[in-house]
Amino acid sequence: MSAPQSAAAQPQGKQPHEKRGAALLRPSAFRGSRLWWHFLLDAAVLAVLLGIGVLGFGPTFGHDPLYLLAGFGAIMLGLGVAALGAHWRLGLITMVGLAFVVYMVFGSALAASHEAILGFIPSLSSLRGLLLGIMLSWKQLLTLAAPVGTSVDVMVVPYLSAFVAAVVAGTLAWRLRNAYWAIIPVLVLFITAILFGTAQVFLPVLRGSLLAIVAIVWLAYRHELLRREMAGAISANQQVQDKDSARTSFLRSVGMAAGVILVAGAVTMVAAPVLTTSTSREVLRDAVIPPPDLHQLPSPLTKFRDYVKNEKDTVLFDVAGLPKNGRVRVAAMDNYDGVVFNVDPNSSASFAPIGDPTSLNQSGQGTGSDVDLVIDGYTGVWIPSLLVAHSLRYESAQGKTPTLYLNKESGTALNLEGVAKGDSYTMDVEFPQVDGNKLAGSDFGSVRLPKLENVPQVVATKANEIVGEADTPLKKVQALEGALQREGKFSNGLEGQTPSNSGHSAARITKLLSGKEMVGDDEQYAAAMVLMARHLGIPARVVMGFYLDEKDPLNGAQSAKIKGSDVHAWVEVNFSGLGWVPFSPTPDKDHVPNPPEPQNASKPKPQVLQPPPPPQEAAELPPDSAPDALDTDGKKDQQAGIFGMILMIAAVAAIPILIIALPLILVVVLKTRRRKKRHTTGLPSDRVGGGWSEVLSLATDLGAGIDGNGTRRETAVSLYSAFPESQGTTALLAERADAAIFGPGQPSEEEVVSYWQNVDESVKGMTESVGFWKRQRAKFSPRSLLADVKSSARSKARERSLQAGDQANSNAGNGQGWTAKRSPLARLMKKS
């Protein structure tokens, strides 16, 4: 008899331990009434929604397939991490650690293939790039000209942003009953691709419509599943079910969802073209990219006469592959201050560091050809280039490749270290061909140009006089070009030519347009035409560069030597759909000024020596000890600009920190708010119960299994083995809470204060019984918050069940229940 008794006693002795183990082992989030393919459908929908956001990075990376591999690969990894976390019920700290390990292990193959061994095996370089890229890749992406290339320094942005968004979206979709929260990380990824993108809009109508339609359909589907689950919970307690009503409700939900989809699709299709008609879009890189300070550089056009007079026979560079009548450009100038035309860094496009030298421009549609240049006598920071260059492979004579800056809109590039003799580079160039028929029917393009200042009045008068009744954009431009070519006279001011002053200041342009004869060279005529065109609202700019004369035997040869005498300036006008079209207003060199008319020589009068004026005492002026106000203001502005740039870079670098820190801060804020509400809200008995709830919440965050259906004393017993240091205070709190809640009357305020003091002691004992890292994990764990949400949902379900039961009893009191009860007896009587 003793053997059976001992055998029976053994399971009873193990029963508390087994209960505790079962309580600590939380069930998987995938266990429930939903079928397994429902979760696969959630993963597929989230992958589509997140993939739509990843496509927004396309223009930034030049639509290179590697960015798609990084983005979509990160989505799959992120959803996998979210699924593991939902299945094992991992806490926040554990999830962050698991996500970091997955990010580092698979990042070499997805985002650092160039740095990885064999393209997928992690190396020190790839791991270092992935680790530093968490902080630095965001700034690196914004400070490079698109396309930015595919190095790990920039590929971390789509990889990390898609990975984090997928982890958060999957976790919210599978661990919360309400799926609406999962759309937040989807929208964050979509907006991130816009902010870190370019002004080029990539499939806005299609992507926006798909995002809206897929999200609405999925949310409607999840809402219907939740409604059925809640209805099933109610019907488990109250067996009342109307199949016709359920079918009607389902059809109504489907119809409403379909109507919302149709309305959203129609609004998107109508509004998207209107919202995307602008040729430019403000993005984050426009505010973050620190362009080179071009105001400290002299205008390239000021050296025009120096090339003509002093370097006319100097070989500036050798060029190979330049077609007949091909033009090598140095700079495109669109800003005028009354003295010179200069390059405005904030006009059509600012200068930015070249990201991928092999992929500079995606606007061309033809096949490019290689043009090679070798620098000889040319000096300066402006790199001689061509308008549509797809690549720029630069090799410095000093061996170290410098940082190059590119302005894609003007087709010009900078080397702030200076172009030196021996530098060589190759460009893959497309030479655009202008269709005359399209040009004749085209309107002017819409580009952003700076406002011109100190323009002489004669420019407006002359422009209106020349254009006259020209009724098309092309005719207006041709009228300006033709008038200057016909009426103008050519002179460089060299020895043996008619005197012609250099420069293109307001006084020089006034003299050119208001004199008896217009005398000048490319510098004056190009500047005058642009000023007149801009007065008429025509988008125009001055371009300085080099090209050979049409009669030169080297024009069109495989290689040619460009000299200073080959310098030219011309005008470019922007036409819609065609881009910048060149025009040359300079008259032919054989259009020389007429010789001056001879004048009768006058007899000079004899000179009379005048007495000198009496000397005057010099006025004494007080010493000027005040500092230069302009210099002081300039230093202040410079310091403010540097400080502002530092703040901007710090703000961009802090984005990933905020992404990680914001959920943690939100958890702490919600817990603090919950504790304050429990401590101060409600009756004294409610506040005592809130103190006991505070103990249970901490135990839940520390990983202890809490049976929500147990009494307070049973729960206190289950916490003995988990937190032995707080055993006495936990039992005392349970007894006092039962006495305060179920006893007669309400406890006094002194009893409530004393109870919360004991709560604080119990909480302190529980936290001190675990290690440091477990305390930190519990501080930021959302387990207790999720448990509160689930408890609130169960309470609402019970209330609805009770209301349904009360309604049924009410109907019974009105006679309906009697009829229902009587119906089985009536059926028996009918059968008999």
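Preceding this section is the structure that the text describes.
What you are looking at is a predicted structure, and each value in this text was computed from that prediction instead of being measured. (Residues numbered from 1 in each chain as written. Predicted model: local features only at pLDDT ≥ 70, side-chain atom pairs only at ≥ 80, totals over all residues. Heavy atoms only, no water.)

### Things to note about the overall build of the protein chain
(1) Moving on: From N to C terminus, the protein chain includes 25 helices and 17 strands.
(2) Moving on: By the burial criterion, 40% of the 832 residues in the protein chain qualify as buried.
(3) Moving on: Considering only intrachain contacts with a sequence separation of at least 6, the fraction spanning at least 24 residues in the protein chain is 79%.
(4) Moving on: Accessible area for the protein chain stands at about 45,700 Å²; split by element, carbon and sulfur atoms hold 59% of it. (Helix = DSSP H or I, 4+ residues; strand = E, 2+ residues; numbered from the N terminus. Buried < 20%, exposed > 50% of the residue type's maximum accessible area, 1.4 Å probe, protein only. Contact = heavy atoms within 4.5 Å. Areas by Shrake-Rupley, 256 points an atom, 1.4 Å probe, with all protein chains shown as cover.)

### Some words on the packing of aromatic side chains
(1) Moving on: Per the stated rule, a full pass over the model turns up 13 aromatic pairs.
(2) Moving on: Through successive ring pairs, a cluster of aromatic residues spans Tyr307, Phe317, Tyr378 and Phe546.
(3) Moving on: Its guanidinium or amino end placed over the ring of tryptophan 570, arginine 327 lies 4.8 Å from that ring's centre, counting from NZ or CZ.
(4) Moving on: We note arginine 541 situated over the ring of tryptophan 580; from NZ or CZ to the ring centre the distance is 3.7 Å. (Phe/Tyr/Trp six-rings, centres within 6.5 Å; stacked < 30°, edge-to-face > 60°. Lys NZ or Arg CZ within 6 Å of the ring centre and 35° of its normal.)

### A word on the sheet that holds strand E10 (residues 412-419)
Sheet strands pair via backbone hydrogen bonds, and the direction of the pair is either parallel or antiparallel.
(1) Moving on: Pairing within the open sheet is antiparallel, and its 4 strands lie in the order E5-E9-E10-E7. Each end of this open sheet is capped by a strand with a single partner; those strands are strand E5 (352-353) and strand E7 (380-383).
(2) Moving on: One ladder, built from 4 bridges, connects strand E9 (residues 404-407) with E10; its direction is antiparallel. From the neighbouring strand, leucine 406 faces E10, where its bridge partner is alanine 413. (Pairing = 2+ DSSP bridges.)

### Quick word on the side chain of glutamate 311
(1) Moving on: Within the secondary structure layout, glutamate 311 lies in the loop between helix H11 (304-310) and strand E1 (315-320).
(2) Moving on: Beyond its immediate stretch of four places on either side in the chain, glutamate 311 contacts Lys303, Asp306, Leu316, Lys563, Gly564 and Ser565.

### What about the pairing of strand E16 (residues 567-575)?
(1) Moving on: Of all 9 residues in E16, 9 are buried, a share of seventy percent or more.
(2) Moving on: Neither face of E16 is exposed, since Val567, Ala569, Val571, Val573 and Phe575 on one face and His568, Trp570, Glu572 and Asn574 on the opposite face are all buried.
(3) Moving on: Where strand E14 (residues 540-546) and E16 come together, 7 bridges link them in antiparallel fashion. If you follow valine 542 over to E16, its bridge partner there is valine 571.
(4) Moving on: Across 5 bridges, the pairing between E16 and strand E17 (residues 579-583) is antiparallel.

### Considering the environment of asparagine 501
(1) Moving on: Mapped onto the elements, asparagine 501 comes out in the loop between strand E12 (488-490) and helix H15 (506-514).
(2) Moving on: Taking the C-alpha atoms as reference points, asparagine 501 and glycine 520, 19 residues apart in sequence, are found 7.6 Å from one another.
(3) Moving on: Once residues within four sequence positions are removed from consideration, asparagine 501 is found in contact with Arg305, Arg508, Lys511 and Gln524.

### Details of the sheet that holds strand E15 (residues 559-563)
(1) Moving on: Taken in spatial order, the 5 strands line up as E8-E11-E6-E1-E15 in an open sheet, and their pairing is antiparallel. Looking along the sheet, the strands with just one partner apiece sit at the ends: strand E8 (389-395) and E15. Each adjacent strand pair in this sheet contributes to an overall mean axis angle of 20 degrees, direction not counted.
(2) Moving on: Where E1 lies against strand E6 (residues 369-375), 4 bridges are found, and the strand directions are antiparallel. Each residue of the ladder has a partner; that of aspartate 318, found in E6, is valine 374. (Axes fitted to C-alpha atoms, helices over the stretch in contact; angles between N-to-C directions.)

### Thoughts on the nonpolar core
(1) Moving on: Of all hydrophobic cores here, the largest spans 82 residues; its most connected members are Phe317, Phe341, Tyr378, Trp382, Phe546, Val573 and Phe575.
(2) Moving on: It is helix H16 (residues 522-535) that provides the largest number of residues to this core, a total of 9 residues.
(3) Moving on: Of all hydrophobic cores here, the second largest spans 64 residues; its members include Ala74, Ala86, Ala112 and Leu219. (Core = buried A, V, L, I, M, F, W, Y, C linked by side-chain atoms within 4.5 Å.)

### Some thoughts on a nonpolar patch on the surface
(1) Moving on: On the surface, Leu35, Trp36, Trp37, Leu40 and Leu41 cluster together into a nonpolar patch covering about 560 Å² of accessible area.
(2) Moving on: Of note, leucine 35 is situated in the loop between helix H1 (2-24) and helix H2 (36-54). (Patch = residues over 30% accessible without salt bridge, like charges linked within 9 Å, V, L, I, M, F, W, Y side chains within 5 Å. Salt bridge = Lys/Arg side-chain N within 4 Å of Asp/Glu carboxyl O.)

### Concerning empty space enclosed by the protein
(1) Moving on: Using the criterion set out here, one finds 4 cavities of 30 Å³ or more in the structure.
(2) Moving on: Computed from the structure, the largest cavity encloses a volume of approximately 110 Å³.
(3) Moving on: Lining of the largest cavity is provided by 15 residues; of these, Leu360, Leu386, Ala389, Leu406 and Gly411 occupy positions nearest its centre.
(4) Moving on: Elements with a contribution of two residues or more to the lining of the largest cavity: E8 and E10.
(5) Moving on: For the lining of the largest cavity, the leading source of residues is E8, giving 3 residues.
(6) Moving on: Its residues assigned to classes, the lining of the largest cavity shows 9 nonpolar, 5 polar and 1 charged.
(7) Moving on: Taken as a whole, the second largest cavity holds about 70 Å³ of empty space.
(8) Moving on: If you go around the second largest cavity, you meet 15 residues; those closest to its centre are Leu322, Pro323, Leu548, Leu554 and Gly556. (1 Å grid on protein atoms, 1.4 Å probe; cavity = no way out; pocket = protein on both sides within 12 Å on 5 of 7 lines; lining within 4 Å. Points joined across faces, edges and corners; volume = space filled by probe spheres on them. Nonpolar A, V, L, I, M, F, W, Y, C, P; charged D, E, K, R; others polar.)

### Concerning the pattern of salt bridges
(1) Moving on: Within this structure, the stated rule accounts for 16 salt bridges.
(2) Moving on: Its salt-bridge partner being arginine 541, residue glutamate 572 comes within 2.9 Å of it at the nearest N-O pair. With a gap of 31 residues between them, glutamate 572 in strand E16 and arginine 541 in strand E14 connect regions that are remote in the sequence.
(3) Moving on: For glutamate 572, a relative accessible area of 2% corresponds to the buried category.
(4) Moving on: For lysine 671, the salt bridge goes to aspartate 701, with nearest N and O atoms at 2.9 Å. Placement of the pair is lysine 671 in helix H18 (residues 655-680) and aspartate 701 in helix H19 (residues 684-701), with a sequence separation of 30 residues. Just as lysine 671 is buried, aspartate 701 falls in that class too.

### Brief notes about the side chain of aspartate 738
(1) Moving on: Secondary-structure assignment places aspartate 738 in helix H21 (residues 727-742).
(2) Moving on: Residue classification places aspartate 738 among the buried positions, given a relative accessible area of 15%.
(3) Moving on: Ignoring anything within four residues of it in the chain, the contact list for aspartate 738 reads Arg712, Arg713 and Gly743.

### Some remarks on unusual backbone geometry
Excluding glycine, residues mostly carry a negative phi; peptide bonds, for their part, are mostly trans.
(1) Moving on: A positive phi is found at arginine 89, a non-glycine position, where the angle reads about 55 degrees.
(2) Moving on: Counting through the fold element by element, arginine 89 comes out in the loop between helix H3 (65-88) and helix H4 (92-110).
(3) Moving on: Taking relative accessible area as the criterion, arginine 89 reaches 17% and is therefore assigned buried.

### Thoughts on the pairing of E1
(1) Moving on: Here E1 pairs with E15 via 5 bridges, running antiparallel. Looking at E15, one finds that alanine 320 is bridged to serine 559.

### Brief notes about the packing of H2 against H3
(1) Moving on: Between H2 and H3, whose axes approach to 10 Å, the crossing angle comes to 150 degrees. With respect to their mutual orientation, H2 and H3 come out roughly antiparallel. In the packing of H2 onto H3, the handedness of the crossing is right-handed. Every residue of H3 that contacts H2 at Ala43, Leu46, Ala47, Leu50, Gly51 and Val54 is listed here: Tyr67, Gly71, Phe72, Ile75, Met76 and Leu79. (Parallel < 35°, antiparallel > 145°, perpendicular 65-115°, else oblique. Left-handed = near helix turned anticlockwise from the far one by under 90°.)

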